[in-house]
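Fold and geometry: a report
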Amino acid sequence: MSDERTLDLLEAKIEELRSLNREDGIDLSGEIARLEKKLEGMRRELYSNLSDWERVRFARHPKRPYALDYIGAVFSDFYELHGDRIVGDDPALLTGLARLDDRPVVILGQQKGRSTEENQLRFFGMTRPHGYRKARRALLLAERFSFPVITLIDTPGAYPGVEAEELNVGCAIAENLLTMSALRTPIVSLVIGEGGSGGALAIGVADRVLMLENAIYSVISPEAAASIVWRDKERMKDAAVALNLTAPHLAELGLIDTVIDEPLGGAHRDFQATTENVRSELLRHVEELAELPVNELVAARYERYRNVGRFRTITDGD
Amino acid sequence: MSIFKEKRYVRVDVESKPEEGLWMKCKSCGDLLFKRRVKENNNICPNCGEYFFLTAMERVESLVDEGSFTDISKPIESNDPLMFVDSKPYSQRLDEAREATGLPDAIVVGRAQVEEIPIVLAVMDFRFIGGSMGSVMGEQICHGMETAVLDGVPFVLISSSGGARIQEGVFSLMQMAKTVTVRRRLADARLPFVSIMTYPTSGGVQASIASLGDVIIAERGTMIGFAGRRVIQSTLAKELPANYQTDAFALEHGGIDRVVNRDVLRGELAGVLSFFVGVKR
């Protein structure tokens, strides 16, 4: 996003003028006000009416808040639980206990790395089979004690590799879907960045599915769709449009429940405002779901997934 | 496999359409084969034993008692919910696939008997957009499982799919959750679910309903896995083991129960189903 860099430069310039204003006592307030107005205009121009592809870029933005950022800002007392008890621990999917207000909850969160070293550890947020199996462990723990489950989705997809296939990642995903489909405690899923296909859905079967405004959720990455169905890697922008992978599109299609607003310029531009929005939406949904008798909750989840999909009856004319 | 009764396959009626060519070349041994002969041999090369694709109806005929099959598929088809256009419109792809297969989508559901054991089965057809799972396939699989529960009979799924159907976006992705959600009804009713994986069983189908059989049987020569070979090679840029994602690989790593030759699949299915006949419900 080269235009975003221009914004950053302008912001830095204003900051520089401000400090001159303070330190040297030169009155630059007129100039500062002029530049701020210009900045505001540029922001509005750049960030209103984002294209679908621009939202993809936002969802993957290197400065975008990750699961641990939300875990730290929205919840308290996060107590991480490690390991699937069989193969190992997967740092690309974190599980643990925490409090939302005063209510104990179980969190599942897919975590990308900020630095190269951290990404080597976290595989760029691509979950491995033992990550999904650790998640299942945490889900069953939540059910046992009737703790609501909050899942934070942010993955390009399940980790594709020989080891993952040896450990049958497909089956690990399938078993999570099965477990979540009838778990006897509320589940709220929030897509904070990338909802990459089955690797995301594996922690995304829920009573409420929320998405941040600039998050994406897709059956396949736009790049892979471009190379498979267009047979042209360069067509990813067209694929992004055709896939209807943005939060506003998915809400319109009835596939998600709520779009959580992000500040102009994205979640990372004003993380505190983002945090407030996320906290209030999570609280609202968890409180509503906690009111329901568990049989009703599970029956409603059953109906939700039993009825998902669109088709038409074949008429004789066809 | 001597514990199972040996049965011969159902002979398939082959209309002679000389204009389509009577001969085909085996992609494996290169032998020139008389098509009718291949079809009568369960689409197995009589020379080298290579398996060719079975259409959904050919699969049904090779697996169930002659004349026992009733198609109970719901009369539904895709309504192209995203009005998806890639190199060509999805609606056109659907029309072409319908034309080529005579099917409304990539799956057929029916009641049948396997050596006199009544079942409900759902069979995918790879010719229809790679056997991909969109809203129609998800609904048909659920319909099959629900009918099995109503009838109080086992459910058998024969997969042949590249995964979720790209052109229906997240609607396709959600069919993974949908089919798995309804799968629980079979368990609640104490009815067995036999998942048969045939070439290929991959992506969203492998990562959902196909992996949740009480018993999972793979036809010899199938490919089983989540992420396609090309995806893995381009992500990791390294060579993959020769047996990668083969039936032997899945068996060795504990992903499936058995690998079975096509010509004894029917006896195998009857044999395993027989254990569940008379289970108290």
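Residues numbered from 1 in each chain as written. Chains lettered and ligands numbered in written order. Predicted model: local features only at pLDDT ≥ 70, side-chain atom pairs only at ≥ 80, totals over all residues.

1. Regarding the overall build of chain B
Going by this rule: Segments assigned H or I by DSSP are reported as helices when at least four residues long, segments assigned E as strands when at least two residues long, and all are numbered from the N terminus. Our radius of gyration is a C-alpha quantity, and the globule rule it is checked against amounts to 2.2 Å times the number of residues to the power 0.38. Using C-beta atoms placed from the backbone, we call a residue buried if 20 or more other C-beta atoms fall within 10 Å of its own, exposed if 12 or fewer do, and partly exposed for counts in between. This entry defines residue contacts through backbone-placed C-beta atoms, with two residues in contact when those atoms are within 7 Å.
Check the secondary structure of chain B and you find 9 helices and 11 strands. In terms of C-alpha radius of gyration, chain B reaches 19 Å, essentially the compact-globule figure of 19 Å for 281 residues. Across its three principal directions, the C-alpha atoms of chain B cover 50 × 45 × 40 Å. Put simply, chain B has 281 residues, and 48% of those count as buried. Across chain B, every contact between residues at least 6 apart in sequence was considered, and the portion connecting residues at least 24 apart equals 68%.

2. Regarding the overall build of chain A
Helix and strand counts for chain A stand at 14 helices and 9 strands. Computed over the C-alpha atoms, the radius of gyration of chain A is 22 Å, within 12% of the 20 Å expected from 2.2 N^0.38 for a compact globule of 318 residues. For chain A, the spread of C-alpha atoms along the principal axes amounts to about 70 × 55 × 40 Å. Each of the 318 residues in chain A was classed as buried or not, and the buried ones make up 47%. The long-range fraction of contacts in chain A, counting pairs at least 24 apart against all pairs at least 6 apart in sequence, stands at 69%.

3. Remarks on the nonpolar core
To keep things clear, this is the line we draw: By definition, a nonpolar core groups buried Ala, Val, Leu, Ile, Met, Phe, Trp, Tyr and Cys residues that connect through C-beta atoms lying within 7 Å of each other.
Ranked by internal contacts, the top residues of the largest apolar core, which has 158 residues, are Leu177 and Met211 of chain A. Tallying contributions element by element places helix H5 (residues 169–188) of chain B first for this core, with 9 residues. Not counting the four nearest positions on each side in its chain, Met211 of chain A is found in contact with Val191, Tyr217, Ala247, Leu250, Ile256, Val259 and Ile260 of chain A.

4. Observations regarding the confidence of the model for chain B
All names here are of chain B. The cut-off we apply is this: Predictor confidence is given residue by residue as pLDDT, running from a minimum of 0 to a maximum of 100.
Averaged over every residue, the pLDDT of chain B is 90; the share at 70 or more is 91%. Segment residues 14–19 is flagged for pLDDT under 50; beyond a separation of four residues in sequence, or across chains, it makes 2 contacts in the model. Both scores are given for the predicted complex: the pTM is 0.91, the ipTM 0.92.

5. Here's the deal with the domain arrangement of chain A
Stated formally: An automatic or database domain assignment provides the domain bounds reported here.
The domain architecture assigned to chain A consists of domain 1 (1–38) and domain 2 (55–306). Placing a centre on the C-alpha atoms of domain 1 of chain A and another on those of domain 2 of chain A gives a separation of 38 Å.

6. Examining the environment of Arg55 of chain A
All names here are of chain A. Along the chain, the position of Arg55 falls in helix H3 (residues 52–59). Each C-alpha atom, one on Arg55 and one on Ser189, is 20 Å from the other, the two residues being 134 residues apart in sequence. Beyond its immediate stretch of four places on either side in the chain, Arg55 contacts Leu50, Asn214, Ile216 and Thr246.

7. Here we look at the interface of chain A and chain B
Condition: Side-chain classes are defined by residue name, with Ala, Val, Leu, Ile, Met, Phe, Trp, Tyr, Cys and Pro counting as nonpolar, Asp, Glu, Lys and Arg as charged, and the others, Gly among them, as polar. For two strands to pair, DSSP has to find at least two bridges joining them.
Each partner contributes residues to the interface: chain A has 45 residues there, and chain B has 53 residues. At 8 residues, helix H8 (residues 169–181) of chain A tops the list of elements feeding residues into the side of chain A that touches chain B. Taken together, the residues of the side of chain A that touches chain B break down into 29 nonpolar, 10 polar and 6 charged. Where strand E9 (residues 312–313) of chain A and strand E4 (residues 76–77) of chain B come together, 2 bridges link them in antiparallel fashion. Pairing of Arg312 of chain A across the sheet is with Glu77 of chain B, part of E4 of chain B.

8. Re the packing of helix H6 (residues 129–144) of chain A against H8 of chain A
Residue and element names in this part refer to chain A. So the rule is basically this: Between the N-to-C directions of two axes lies an angle of 0 to 180 degrees, each axis being a line fitted to C-alpha atoms and, for a helix, fitted only over the stretch in contact. In what follows, roughly perpendicular refers to angles from 65 to 115 degrees, roughly parallel to angles under 35, roughly antiparallel to angles over 145, and oblique to any angle outside these ranges. By definition, any crossing whose near helix is turned counterclockwise from its far helix by less than a right angle is left-handed, and any crossing with a clockwise turn is right-handed.
Put simply, H6 and H8 touch, their axes get as near as 9 Å, and they point 20° apart. Compared by their axis directions, H6 and H8 come out roughly parallel. Considering the relative orientation of H6 and H8, their crossing is left-handed. Between H6 and H8, the residues in contact are Pro129, Tyr132, Arg133, Ala135, Arg136 and Leu139 and Val169, Ala172, Ile173, Glu175, Asn176, Thr179 and Met180, respectively. Taken together, the residues of the contact of H6 with H8 break down into 8 nonpolar, 2 polar and 3 charged.

9. Observations concerning the pairing of strand E6 (residues 117–124) of chain B
Residue and element names in this part refer to chain B. Applicable threshold: The handedness of a crossover follows from its direction of travel: if, with the strands pointing away from the viewer, the path from the first strand over the helix to the second runs clockwise, the crossover is right-handed.
In terms of burial, E6 is a largely internal element, 6 of the 8 residues being buried. Across 8 bridges, strand E5 (residues 107–114) lies against E6 in antiparallel orientation. Bridging across to E6, Arg111 finds its partner in Val120. Counting the residues in the hairpin turn of E5 and E6 gives 2 residues, including Glu115, whose phi is positive at 45°. Pairing of E6 with strand E7 (residues 155–161) involves 4 bridges; the strand directions are parallel. The partner of Leu121 across the bridge, within E7, is Val156. Regarding topology, helix H4 (residues 135–151) serves as the crossover connection from E6 to the parallel E7, and that connection is right-handed.

10. Things to note about the environment of Ala225 of chain A
With respect to the secondary-structure elements, Ala225 of chain A resides in helix H10 (residues 222–230). In sequence terms Ala225 of chain A and Asp261 of chain A are 36 residues apart; their C-alpha atoms lie 28 Å from each other. With residues near it in sequence (within four places) discarded, Ala225 of chain A still touches Ile220, Ala239 and Leu243 of chain A together with Ile166 of chain B.

11. Considering H10 of chain A
All names here are of chain A. Looking only at H10, the buried set comprises Pro222, Ala224, Ala225, Ala226, Ser227 and Val229. Packed against the buried residues of H10 are H3 and helix H11 (236–242). A positive backbone phi angle near 55° is found at Arg231, which sits one or two residues after H10.

12. Here we look at the packing of H8 of chain A against H5 of chain B
Following both chains from N to C, one finds H8 of chain A and H5 of chain B inclined at 65°, their axes separated by 9 Å at the closest point. Considering how the two elements wind past one another, H8 of chain A and H5 of chain B form a crossing that is right-handed. Counted together, Ala174, Leu177, Leu178 and Ser181 of chain A of H8 of chain A and Met176, Ala177, Val180, Thr181, Arg183 and Arg184 of chain B of H5 of chain B form the full contact between these two elements. Class assignment of the residues belonging to the contact of H8 of chain A with H5 of chain B gives a composition of 6 nonpolar, 2 polar and 2 charged.

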